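The chain contents come next:
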Amino acid sequence: MNNSFELGRGLATLREKGGVTCCESPLKMVARATGDAQPDAPPSVQGTLPHFIQEPEDAYIVKSNPIKLRCRAAPALQIFFKCNGEWVHQNEHFSQEYKDLNTGLKVREVMINVSRQQVEDFHGPEDYWCLCVAWSHLGTSKSRKATVRIAYLRKNFEQDPQGKEVPINGMIVLHCRPPEGVPVAEVEWLKNEELLSSQADDNIDTRADHNLIINEARLSDSGNYTCLASNIVAKRRSATATVIVFVNGGWSLWTEWSACNVPCGRGVQKRSRTCTNPAPLNGGAFCEGMSVQKITCNALCPIDGGWDEWTVWTVCSSQCERQRSRECNSPAPRHRGKMCEGNSEATENCTDGLCTQNRKLLHDVKPQSMDGSNDVALYSGLGAGIIAVAILVVAVMLYRKNHSEYGVDVIDSSALAGGFQSFNFKTTRQGNPLLLNSSMQPDLTVGRTYSTPLCFQDGADKELFDPLPDIKVKVQSSFMVSLGVAERAEFHAKAPAETFPRDLSRDYSSTADRRKKGLLTLNGPFSASKELLRTTGVFGHPGGRLVVPNTGVGLLVPHGAVAENMSWEMYMVINQGETSVQTLEGCEILLGPEVTYGPPGLDLFCPVAMTIAHCAEVDAENWNIQLKRKTQDSKWEDVMAVEEESTSCYCLMDSTSCHLLLDQPGSYALVGEPLTQAAVKRLKLAVFGSMEAGSMSYSLRVYCVDDTPHAFQGVVAAEKSRGGQLLEEPKMLPFRANTFSLQVSIQDVPQFLWSIKPFTTCQEFSFPQVWCSNQQPLHCAFSLERYSPATAQLSCKISVRQVKGHEQILQVYTAVAETEKESVPFFMQTDCTITSQTGPKAFKIPLSIRQRICATFDTANAKGKDWQLLAQKLHLDRNLGYFAKQQSPSAVILSLWEARHQDTADLDSLASALEEIGKIHSKSSPKDQDEPESDFNHIQAGSLCGTGKLTNQKTEDSAAPEYTG
């Protein structure tokens, strides 16, 4: 390829020869160039118009990337682009020239760039276009017009496919109109996320109008269909349309008529058919008509047979015998009548017992002696059989008596049905002094790591939790135990569901249905209390708090929410019954207690702040969490999703609690729907024990409950009533939505001290039982029996694990002797008795400081000190539209902060936020530092830190009282 002169170089030559102005058109410049260069042109060029080897093609601009238009012609002295009727400047052309080896002609190629800005700036009756003009000695040639358009694809489909229910062999038509786009989007169809092809299936037709047609529906055509539109810019997916192919039921053939139902007289005959040809599927209609037909019948009454009279005896024979006979003809049996009973012939000796034959004496008693011997054998056999049965019964009773000493309270039916492939009893490890050393004192600090929110103290410095009565011992599992657990997990593992949450929803719904119908029985005799937890308080203009003790539920009524000179008796109720969750749909589960606050006609000036504890590991990618409110007809309606923004409600999710700003009283519940199998809800695990009075048995009860204070208090109340002891600090287990079950097993029981019935060492809860427990506790029990009354201690481990999930170990080490058993209280906050507080003592921020903060931040100014900055520094800067509609946004933000930090005893976060805002203000306006007084001087941030005291700096205008938190 040989480079030729650029257009600029040719123009320079022209200027040297005769001069050319900068405004001279390309046509004139080329004419002058051709005139001057004509003598030097090769002979083959003479008299030939330019021929385009490559013409510019239509192009699309994707995003902001410019496109290139090319022209190639031979022979051509020059080529210029003309766009929208105007010549493109020579500096925007990129040209090169080379000789075609086949023809020997010089080929010129020119290229220009077209940017998105050029296309957008063009406003004409048609699309942006360009063409090439090529010059030779003979004249010019023009190429085709090439259009340049900006490519795009809108997001929303003009028509989404709609779900259908069609009968088998019917026609399925799914309409799809893709989003508007340039170039026009191509449409493909997906079935269950797999691409459909009309070439692979003659029954499927994808037409040019983008519709999907299935000529004859088959059962395999049921599924989720998605319309996929794509062009060079992007791909778009329509809403999913669910197609269900159903089969209407059809009758089978009639059976034969049955026999008449009466043996004599007028009766009924019937025949039947079943709706199995075919059976209805996927919601298809049941067969219409009768499944049984009946007709009347007349059955002839049976006539039993009767004997005729005996005939006359025959003459005595040579065997000293004579015979007589009779027939069953008086009457003869008819119509299924019975035959005559008895013999039709009779024989007797005719010589009174003696008969001489061949000089031998014959006795007629010989047959009688034979009959007597047969009777003796019969009675002997019966007696031997009765004795054998009696011995067997005694043996079975002795066996059951010996084995009835072992027992277990509850075992899951799945453990018995499936069984475990191996089990063993492990002996105590050598050198473990904790198993026999009863003199070791228990660690009384085990239970002091708890903290439960929302509890007012009575003023005394009491511990919220009594010490656990037993030592916390960490014992590692041996290799054999680990191997046994692995075997059990492998044995019980099930294939994961194809899709999620569709299959998971099926598990949920089936379990929920069994719950509603009363068919689902949880492991163990535990039954949750159905009583309502209720607390009330009278609140006026100063506001206050309501708390349901030990439940993680509280209500904050801000200062000024109630009008002056008015008061409201407000209440808060926790509904503990299962009726509150029966109307949930699909995969939704209850993440915390259902809470009601009122009264219904409550009229407040600003929203209240409600706190509800929850058990979800919050992750927007794995959970869809909704706040729901119960309607008057006891149905749930959506209020808002926690990840969405709303002006009617505000929802702030922390790791363990949800803080709500509510304007309307009513019943509220936090409901979650898993989006993936990685969704996790927290379970709290606890083990309790008690010695059965007057026996050698010790009962271990393991509880699995949603990790909320309210749910665990149900367990505490139940165990308190039965005298149980908390044997180990409760632990948290992350339970994943992977459809796998929860296994509870007991390990490391000293074999020579304790016994447990085989096949009861591992019990199992199905996945729906655990996932859909909805704040109701699950529990299973292990019953152990000591060999000797001298055994005073029990040491073992409780393993709670989810198949293909997490595992927790509860270590049990306790004294079990009757003399050592005392009523040791456990996790029960009996000192948490104050349920309401009113006035300033209910708030951490003093009223004067609160008012100054609101006055400072509610009014926007040039310094940027407005409530949005306050929300940002307090990490409450989402859903700002809700705060914006409030009369005092800062007051609502502070109320939410109060609810969020009600368990902490300091004001560090608020002080740090105010201090940071003050630094930003001082940097942004240094000239204001010389002013005699600043708004932030009224709020001394430093006084919020350290000692927990909040004070005001005295100014010339006012002096605020000191408050000690």
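Quick caveat, the model's predicted, so the values are computed rather than measured. (Residues numbered from 1 in each chain as written. Predicted model: local features only at pLDDT ≥ 70, side-chain atom pairs only at ≥ 80, totals over all residues. Heavy atoms only, no water.)

**Concerning the pattern of salt bridges**
Here comes step 1: Under the defined criterion, the tally for this structure stands at 26 salt bridges.
Here comes step 2: As a salt-bridge pair, Arg 108 and Glu 97 come within 3.3 Å of each other at their nearest N and O atoms. Taken together, the residues Arg 108 in strand β7 (residues 106–114) and Glu 97 in strand β6 (residues 94–99) connect sequence positions 11 residues apart. For the pair shown, Arg 108 and Glu 97 are each scored as buried.
Here comes step 3: The partner of Arg 322 in a salt bridge is Glu 348, and the shortest N-O contact between them spans 2.3 Å. Of this pair, Arg 322 sits in strand β24 (residues 321–325) while Glu 348 sits in strand β25 (residues 345–349), and the two are 26 residues apart along the sequence.
Here comes step 4: Connected via shared salt-bridge partners are Arg 70, Arg 72 and Glu 109. (Salt bridge = Lys/Arg side-chain N within 4 Å of Asp/Glu carboxyl O. Helix = DSSP H or I, 4+ residues; strand = E, 2+ residues; numbered from the N terminus. Buried < 20%, exposed > 50% of the residue type's maximum accessible area, 1.4 Å probe, protein only.)

**So, the state of the cysteines**
Here comes step 1: Taken as a whole and judged by the stated rule, the model has 8 disulfides.
Here comes step 2: The disulfide that involves Cys 71 links it to Cys 132, with 1.6 Å between the sulfurs. In this structure, the disulfide formed by Cys 71 and Cys 132 twists by about 95° around the S-S bond and is classed as right-handed. Here Cys 71 is found in strand β3 (residues 67–74), whereas its partner Cys 132 is found in strand β8 (residues 128–135), with 61 residues between them in sequence.
Here comes step 3: Each disulfide pairs two cysteine sulfurs, and for Cys 176 the partner residue is Cys 227, the sulfurs being separated by 2.0 Å. One disulfide, between Cys 176 and Cys 227, carries an S-S torsion of -80° and so falls in the left-handed class. With Cys 176 in the loop between β13 (172–174) and β14 (181–182) and Cys 227 in strand β19 (residues 223–230), this pair connects stretches of sequence that are 51 residues apart.
Here comes step 4: Look at Cys 176 and you get buried, because its relative accessible area is 0%.
Here comes step 5: Unpaired in this structure, Cys 780 has its nearest cysteine sulfur neighbour in Cys 704, at a distance of 6.4 Å.
Here comes step 6: Cys 780 sits in the buried class, given a relative accessible area of 1%. (Disulfide = S-S within 2.5 Å.)

**Some thoughts on the packing of helix α10 (residues 847–857) against helix α13 (residues 889–900)**
Here comes step 1: Contact geometry of α10 with α13 gives a least axis separation of 8 Å together with a crossing angle of 135°. It follows from the interaxial angle that α10 and α13 lie oblique. Crossing angle aside, the handedness with which α10 passes α13 is right-handed. For the pair α10 and α13, the contacting residues are Arg 850, Ile 853, Cys 854 and Phe 857 in the first and Ser 890, Ala 891, Leu 894 and Ser 895 in the second.
Here comes step 2: Within the contact of α10 with α13, the residues separate by chemical class into 5 nonpolar, 2 polar and 1 charged. (Axes fitted to C-alpha atoms, helices over the stretch in contact; angles between N-to-C directions. Parallel < 35°, antiparallel > 145°, perpendicular 65-115°, else oblique. Left-handed = near helix turned anticlockwise from the far one by under 90°. Contact = heavy atoms within 4.5 Å. Nonpolar A, V, L, I, M, F, W, Y, C, P; charged D, E, K, R; others polar.)

**Re a nonpolar patch on the surface**
Here comes step 1: Residues Ile 168, Leu 219 and Leu 281 make up a contiguous nonpolar surface patch of roughly 220 Å² in combined accessible area.
Here comes step 2: Mapped onto the fold, Ile 168 is located in the loop between β12 (164–167) and β13.
Here comes step 3: A relative accessible area of 33% places Ile 168 in the partly exposed class. (Patch = residues over 30% accessible without salt bridge, like charges linked within 9 Å, V, L, I, M, F, W, Y side chains within 5 Å. Areas by Shrake-Rupley, 256 points an atom, 1.4 Å probe, with all protein chains shown as cover.)

**Side note on α13**
Here comes step 1: Its 12 residues give α13 an end-to-end C-alpha distance of 17 Å, which sits within 8% of 16 Å, the value for a rise of 1.5 Å per residue.
Here comes step 2: Burial of α13 is extensive: 11 of the 12 residues sit out of reach of the surface.
Here comes step 3: Pro 889, Ser 890, Ala 891, Val 892, Ile 893, Leu 894, Ser 895, Leu 896, Trp 897, Glu 898 and Ala 899 are the residues of α13 that are buried. (Expected span 1.5 Å × (residues − 1).)

**A look at the packing of aromatic side chains**
Here comes step 1: Under the criterion given, the structure shown has 15 aromatic pairs.
Here comes step 2: Between the aromatic rings of Phe 688 and Tyr 703, the centroid separation amounts to 5.6 Å while the plane-to-plane angle is 90°, which identifies the pairing as edge-to-face. Taken together, the residues Phe 688 in strand β40 (residues 680–691) and Tyr 703 in strand β41 (residues 697–706) connect sequence positions 15 residues apart.
Here comes step 3: A residue is classified by how much of its surface remains accessible, and Phe 688, at 1% relative accessible area, is buried.
Here comes step 4: The exposure class of Tyr 703 is buried, given its relative accessible area of 0%.
Here comes step 5: Aromatic ring contacts, followed pair by pair, group Trp 623, Phe 735, Phe 767 and Trp 771 into a single cluster.
Here comes step 6: Above the face of the Tyr 571 ring, Arg 534 is positioned so that its terminal group lies 4.4 Å from the ring centre.
Here comes step 7: Geometry around Trp 771 places Lys 681 over its ring, the cationic atom sitting 5.9 Å from the centre. (Phe/Tyr/Trp six-rings, centres within 6.5 Å; stacked < 30°, edge-to-face > 60°. Lys NZ or Arg CZ within 6 Å of the ring centre and 35° of its normal.)

**A few points about the environment of Ala 259**
Here comes step 1: Position of Ala 259 relative to the elements: it lies in the loop between β21 (241–246) and β22 (265–272).
Here comes step 2: On the accessibility criterion, Ala 259 (61% relative accessible area) is exposed.
Here comes step 3: Separated by 12 residues in the primary sequence, Ala 259 and Arg 271 place their C-alpha atoms 9.7 Å from one another.
Here comes step 4: If we ignore the near neighbours within four places in the chain, the residues touching Ala 259 are Val 268 and Gln 269.

**With respect to the sheet that holds strand β30 (residues 553–557)**
Here comes step 1: Taking strand neighbours across the sheet as the criterion, the 6 strands line up as β37-β38-β34-β30-β29-β50 in an open arrangement whose pairing is antiparallel. Either end of the sheet is taken by a strand with one partner, and the two such strands are β37 (650–653) and β50 (836–838). Adjacent strand axes in the sheet meet at a mean angle of 10°, parallel and antiparallel pairs treated alike.
Here comes step 2: Taken strand by strand, α13 contacts β29 (544–548), β30, β34 (608–613), β37 and β38 (657–662), and its axis lies near 150° from that of β38. (Pairing = 2+ DSSP bridges.)

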